[in-house]
Amino acid sequence: MRVYFLSCIPAILKLNGMYIGAIDGFERHIELDPKDRVFAEIIPDENLHGINFFLDEKFFKSPPSFCDLYLLEGDALIYIREYAEKDAKIEVLHQTRFCGNLITIFAQAGLYLSIDGVEYSLTPLPSSFRKFTAETYTLAGREVFAISNGRHLIIISDRGKIVFKSPADSFEISDVLKITAGFETCTAASAECEYSYDGENLKLISAKTSELRPPEPEILHFAFFESVLTSADFEKYLCADLKEKAGSLRSYLGDFVSVTVPPEKFYIIHGDIKAAGLVYPKSENLYEIKYFAVDCADGVITNIYPIE
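Quick look at the structure, then. Keep in mind that what you see is a predicted model, and the values were worked out from it rather than measured.

### A closer look at the sheet that holds strand 11 (residues 111–116)
Taken in spatial order, the 4 strands of this open sheet run 9-10-11-12, and their pairing is antiparallel. The open sheet is flanked by strand 9 (91–98) and strand 12 (120–125), the only strands paired with a single partner. Going across the sheet, the axis of each strand differs from the next one's by a mean of 15°, ignoring polarity. Relative to strand 10 (residues 101–107), strand 9 runs antiparallel, the two being bridged by 7 bridges.

Below is the structure:
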């Protein structure tokens, strides 16, 4: 089994106590057998706590919460998503009373959102919430509390419930909630969404995804799969015959959650084909990557098929 390593920040990888090298946002890989139970240690930059685990059959079925595991054609990719901070003292970043709820954003070996009212909840936050805005708004005649870091938005109801937690580059709150959310796609796609609110739940009432730049011909197939994922106008990438089947395309591809570039080994095995990896969730932080390829002619896609 080939195992790829990625890390959210630069780190050092050791296996069975032996220094292997640095890992970061670029793939590094090793060959191993899960039956050998190799002991992995990862020591990050920025004076954060290191992590350690056995690379065994149990790990590849149920990965720990600090990482995301992707299974791909008998191989695996491990992305270390978070590291704990060594500083364990409590630092209150924001605290306010809102409709009888005490809302607190604090740091203690990580960032957290605490809501203490009729019920109590504690929600981990990504490190990007070190900088944020927090303010009370009126949404559809009801008070809500909104927290934004410029890329994600959290909305708390007057009953102390988190009713919205999603990417949002910008937002407007009035009779409805309007958000704009950019996607990391090769066409710089951006979605504009509107939600109604009944005091308990938000309901999507309209959505439009725009692709802000055309893709280069050599990555048209990636743009197509990303367009399907983001509910953009993906039909423009298809030939006339496939446009007639566009309505069943999403069910054909399944419920994938992201699109990825195949690793070098894929092209060694399958040749230089126009393929993309579609990522499907299997369980908590465990994913499977399936590959789909396309045939093109005259600048449009004429066939879509899975790679077995």
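Now, onward.
### Overview of the pattern of salt bridges
The tally for this structure, following the rule as stated, stands at 13 salt bridges. A salt bridge links Glu 31 to Arg 2, with the shortest nitrogen-to-oxygen separation between them at 2.8 Å. Of this pair, Glu 31 sits in strand 4 (residues 28–31) while Arg 2 sits in strand 1 (residues 2–7); the two residues are 29 residues apart in sequence, bridging distant segments of the chain. Three or more residues are tied together by salt bridges with common partners; here these are Asp 68, Arg 81 and Glu 82.

### Topic: the pairing of strand 12
Note that strand 11 and strand 12 share 6 bridges and pair antiparallel. Paired with Asp 116 across the strands is Tyr 120, a residue of strand 12. Hairpin remark: strand 11 followed by strand 12, antiparallel, with 3 residues in the connecting loop.

Analysis parameters
- Residues numbered from 1 in each chain as written.
- Predicted model: local features only at pLDDT ≥ 70, side-chain atom pairs only at ≥ 80, totals over all residues.
- Heavy atoms only, no water.
- Pairing = 2+ DSSP bridges.
- Helix = DSSP H or I, 4+ residues; strand = E, 2+ residues; numbered from the N terminus.
- Axes fitted to C-alpha atoms, helices over the stretch in contact; angles between N-to-C directions.
- Salt bridge = Lys/Arg side-chain N within 4 Å of Asp/Glu carboxyl O.

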